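# Structural description and commentary
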Amino acid sequence: MAGYEDEDQHVIPLRQGPPIFVVSGGTGATGELLARTVMAQFPHVNVPLHIETHVLNAEQVHRVVAKAAGIPGAIILHTMVNSDRRRLLAVEAAKAGVVTFDLAGPLTEHLHRELGIEPLGQPGLYRQLHKSYFDRIEAIEFTVAHDDGKRIEDLPKAEIVLIGVSRVGKTPLSMYLSMLGWKTANVPFVPEVPMPAELKQCDMRRVVGLIIEPAQLMMHRKVRAERTGIPEGSYIDRSEVRDEVRSAQHFFAKHGITVVDTTQKPIETSAEEIAGLVARRMTTHGDPNG
């Protein structure tokens, strides 16, 4: 039986909790965060979470309430800022016997009374006002999830795709670019190993090949081998490293991939060069895949 292991390594059987429907006129991020924060206090309980986003009209409200009413014990947790939709949700949920928790209404109504100002009631306004911040967070999350060839099926969704041999600097460059707001994926280049088919689906204006002088690459790899304890062997062999770098350069030239040399460059310098290169290409060149 599945269970939760406490600090003393005692297995506590998981209990099934009531499902929670997080309902929002926007993305549902606020309600979801609160729900998960509270759920963390009950680690031995499995609570199904249903995120219902962009609930903006009466039909959507009825649909969500009907879904929750169809599951015994279901709870609705909502952050509806539109007063009409909020009241409709409360009324319909009460008719259906569904318990609701209103996260935004009480505070909104209190401020309305105290300030004498009518609230805008516009869903997603906070996110719109802080768009650059949320865009950066999305870029970082995307980049972490697509490091070193992971989730390769999403490669065409990346705003920048970096390709290079091991220790050329793909991961730190990707992370830096993500903090600049670029959704970045990186793919390792390994001689004799075919590139993923998804690369052909990418806008090649966004694809950048990374190269580095073999001597510096050998130094980076030696440090990594010492830290991780991996066998050095061909990984830092001079002739093998040179062949690997030449293979990467040949691949980039063959496929018309623009190259950035990271040799003796700070990460921020290479990242800004890559970002500038991609931005210019997206502005001045037509879609090569079109």
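Up top is the structure these notes are about.
The sections below set out a description of the structure shown in this document. What you see is a predicted model, and the numbers here were worked out from it, not measured in a lab. (Residues numbered from 1 in each chain as written. Predicted model: local features only at pLDDT ≥ 70, side-chain atom pairs only at ≥ 80, totals over all residues. Heavy atoms only, no water.)

## What to know about the overall build of the protein
- A count of helices and strands for the protein gives ten helices and twelve strands.
- Taking 19 Å as the expected radius of gyration for a compact globule of 290 residues, we find that the protein reaches 26 Å, considerably beyond that expectation.
- Each principal axis of the C-alpha atoms in the protein carries an extent, and together these give about 75 × 55 × 35 Å.
- Per-residue burial for the protein yields a buried fraction of 35% across its 290 residues.
- Excluding contacts between residues fewer than 6 apart, the proportion of contacts in the protein whose partners are at least 24 apart in sequence is 73%.
- Positive and negative side-chain charges in the protein, numbering 32 and 36 respectively, have mean positions lying 4 Å apart. (Helix = DSSP H or I, 4+ residues; strand = E, 2+ residues; numbered from the N terminus. Rg over C-alpha atoms; globule rule 2.2 N^0.38 Å. Buried < 20%, exposed > 50% of the residue type's maximum accessible area, 1.4 Å probe, protein only. Contact = heavy atoms within 4.5 Å. Lys, Arg positive; Asp, Glu negative; His and termini not counted. Charge placed at Lys NZ, Arg CZ, Asp CG, Glu CD.)

## Some remarks on the packing of aromatic side chains
- In total, this model carries three aromatic pairs according to the counting rule given.
- Ring centres 6.5 Å apart and planes at 50 degrees place the aromatic pair F189 and F252 in the tilted group. With F189 in the loop between strand 10 (184-188) and strand 11 (207-211) and F252 in helix 9 (residues 238-254), this pair connects stretches of sequence that are 63 residues apart.
- When its relative accessible area of 6% is taken as the criterion, F189 is described as buried.
- Measuring from ring centre to ring centre gives 6.1 Å for F251 and F252, while their planes differ by 70 degrees; the resulting arrangement is edge-to-face.
- F251 sits in the buried class, given a relative accessible area of 14%.
- Taking the ring centre of Y235 as reference, the NZ or CZ of R221 above it sits at 4.7 Å. (Phe/Tyr/Trp six-rings, centres within 6.5 Å; stacked < 30°, edge-to-face > 60°. Lys NZ or Arg CZ within 6 Å of the ring centre and 35° of its normal.)

## Section: the pairing of strand 10
- In terms of burial, strand 10 is largely enclosed, as four of its five residues are buried.
- Taken together, the five bridges between strand 9 (residues 160-164) and strand 10 define a ladder with parallel strand orientation. Across the sheet, residue L162 finds its bridge partner in strand 10, namely N186.
- At this point the chain moves from strand 9, through helix 7 (residues 170-179), to the parallel strand 10, and the crossover so formed is right-handed. (Pairing = 2+ DSSP bridges. Right-handed = clockwise from strand over helix to strand, strands pointing away.)

## Quick notes on helix 1 (residues 29-39)
- Every buried residue of helix 1 is listed here: G31, A35 and M39. End-on, the buried residues of helix 1 take up no more than an arc of 65 degrees, which puts them together on one face. Of the exposed residues in helix 1, the ones pointing more than 90 degrees away from its buried face are T30 and L33.
- Close packing links the buried residues of helix 1 with strand 4 (20-23), strand 6 (49-52) and strand 7 (75-78). (Arc of directions from axis to C-beta.)

## Brief notes about the side chain of R86
- With respect to the secondary-structure elements, R86 resides in helix 3 (residues 83-96).
- In terms of polar contacts, R86 uses its side chain to reach the backbone carbonyl oxygen of V81, at 3.4 Å.
- Of the polar contacts made by the side chain of R86, one reaches the side chain of E109; its length is 2.8 Å.
- Aside from chain neighbours lying at most four places away, what touches R86 is H78, M80, V81, D102, G105 and E109. (Polar contact = N/O pair within 3.5 Å; in protein donor to acceptor, adjacent residues only side chain to side chain.)

## A word on the environment of V65
- Within the secondary structure, V65 sits in helix 2 (residues 58-69).
- Separated by 70 residues in the primary sequence, V65 and D135 place their C-alpha atoms 31 Å from one another.
- If we skip the residues at most four places from it in the chain, V65 touches I76, L89, E92, A93 and A96.

## Side note on the sheet that holds strand 12 (residues 258-261)
- Taken in spatial order, the four strands of this open sheet run 10-9-11-12, and their pairing is parallel. Of all strands in the sheet, those bounded by a partner on one side alone are strand 10 and strand 12. Within this sheet the neighbouring strands show an average axis-to-axis angle of 30 degrees, counted without direction.
- Here four bridges tie strand 11 to strand 12, and the two strands are oriented parallel to one another. Bridging across to strand 12, L210 finds its partner in V260.
- Along the sheet face, helix 9 touches strand 9, strand 11 and strand 12 and points at about 155 degrees away from the line of strand 11. (Axes fitted to C-alpha atoms, helices over the stretch in contact; angles between N-to-C directions.)

## A few points about the sheet that holds strand 4
- Strands sit in the order 6-4-7-8 across an open sheet of four strands; the sheet is parallel. Edge strands, defined here as strands with exactly one partner in the open sheet, are strand 6 and strand 8 (99-102). Adjacent strand axes in the sheet meet at a mean angle of 20 degrees when their direction is disregarded.
- Contacting strand 4, strand 6 and strand 7, helix 1 crosses the sheet at an angle of about 170 degrees to strand 6.
- The strands that helix 3 touches are strand 4, strand 7 and strand 8; relative to strand 7, the one it contacts most, it runs at about 170 degrees.

## A few points about the packing of helix 7 against helix 10 (residues 267-284)
- At a minimum axis distance of 9 Å, the contact between helix 7 and helix 10 shows a crossing angle of 65 degrees. Crossing hand, helix 7 versus helix 10: right-handed. Residues P172, L173, Y176 and L177 of helix 7 pack against I267, E268, S270, A271, E272, I274 and A275 of helix 10.
- Looking at the contact of helix 7 with helix 10 residue by residue, the class counts come to eight nonpolar, one polar and two charged. (Left-handed = near helix turned anticlockwise from the far one by under 90°. Nonpolar A, V, L, I, M, F, W, Y, C, P; charged D, E, K, R; others polar.)

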